[in-house]
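Fold and contact review
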Amino acid sequence: FGGGSLFGAAPAPAAAAPAPANAKAGSPDDADWVCTGCAARGEDGTVPKGFKFCPICGDSFHGTPNPKAKPPAVAEEWQCEGCGEVSIAGWYYCFECGRPHGAPKPPPPGECGGCGEYVPEGDLWKFCWNCGTATGEWDSGAKGRAARFETNEELGDWTCHGCREEVAGTRYCPCCGAQKPG
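Fair warning: this is a prediction, and the values are worked out from it, not measured in the lab.

Each value, and the rule that gives it
Residues numbered from 1 in each chain as written. Predicted model: local features only at pLDDT ≥ 70, side-chain atom pairs only at ≥ 80, totals over all residues. Heavy atoms only, no water. Helix = DSSP H or I, 4+ residues; strand = E, 2+ residues; numbered from the N terminus. Contact = heavy atoms within 4.5 Å. Salt bridge = Lys/Arg side-chain N within 4 Å of Asp/Glu carboxyl O. Buried < 20%, exposed > 50% of the residue type's maximum accessible area, 1.4 Å probe, protein only. Polar contact = N/O pair within 3.5 Å; in protein donor to acceptor, adjacent residues only side chain to side chain.

Quick word on the environment of K68
Following the sequence through the fold, K68 ends up in the loop between β2 (46–47) and β3 (78–79). Between the C-alpha atoms of K68 and P100, which are 32 residues apart in sequence, the distance is 7.4 Å. Once residues lying within four places of it in the same chain are set aside, the contact partners of K68 are Y93, P100 and E137.

Quick look at the structure:
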C-alpha cells in the first residue's frame, strides 16, 4: 500500500493485477488478492492471502465496502475487540472480522445491540428482526425504531423489497435489514 509495505518486508515488485469487475470467486486463503477499494484510489491494494478484510480501508475479500468511518491513525499494535486478532501499527481495520480500530466490543452472541431482543445465531440472521440493527453491532437509536407489538403474528408475513426473501412475522428483514413497508 502506498510507498512501503505494511505487511513486513517489501516483496519484489510484481506486475499489478487488475481489479476484478465483480465479486471474487474462491477464498481469501487461496492467494494474495487485490482490494478493489484501494485499487480504485490508485493504491497498490495487494492484500496477503488469509486476510478476509483489507486492513487499510476495511473492504472485504468479496468487494463489499466497509460502511464504518475510518478510525484515526493507529500508531501501535492493537487487539481487535470483536475477534481478538492482533493487528500491526498502521492498520485501521481488523484483517479477520473487519472491525475498525477502537470499535467497542460487540454485544453478546444472540443479543441485539440495539434493542436487546434475542437474535438467533447463525449466518441467516444478519440483522435484528425487531429494530434492524446489524448483528454484532451497537445502535443507540434502535429502541426508537422498535415499536413493540404483542406478538409477531400481528406483523404478518411479507416479501422483502430489498432482497426478495420471504419474511415471517418480523419488522425487519433478518437477511438485509430492510424495514417492513407500511
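Some points on the pattern of salt bridges
Following the criterion strictly, the structure yields 3 salt bridges and no others. In this structure, the salt-bridge partner of K52 is E96, at a minimum N-O distance of 2.7 Å. Of the two residues, K52 is situated in the loop between β2 and β3 and E96 in the loop between β4 (86–87) and α2 (142–145); the sequence distance between them amounts to 44 residues. Of the residues examined, K52 reaches a relative accessible area of 37% and is grouped as partly exposed. Look at E96 and you get partly exposed, because its relative accessible area is 23%. The partner of R99 in a salt bridge is E137, and the shortest N-O contact between them spans 3.4 Å. With R99 in the loop between β4 and α2 and E137 in the loop between β4 and α2, the pair connects residues that are 38 residues apart, well separated along the chain. The class for R99 is buried, based on a relative accessible area of 8%.

A few points about the environment of D157
Among the structural elements, D157 can be located in strand β5 (residues 157–159). Spatially, the C-alpha atom of D157 lies 9.5 Å from that of K180, the residues being 23 residues apart in sequence. Leaving out residues up to four positions away in the same chain, D157 has contacts with V167, A168 and G169. Separated by 3.3 Å, the side chain of D157 and the backbone nitrogen of G169 make a polar contact.

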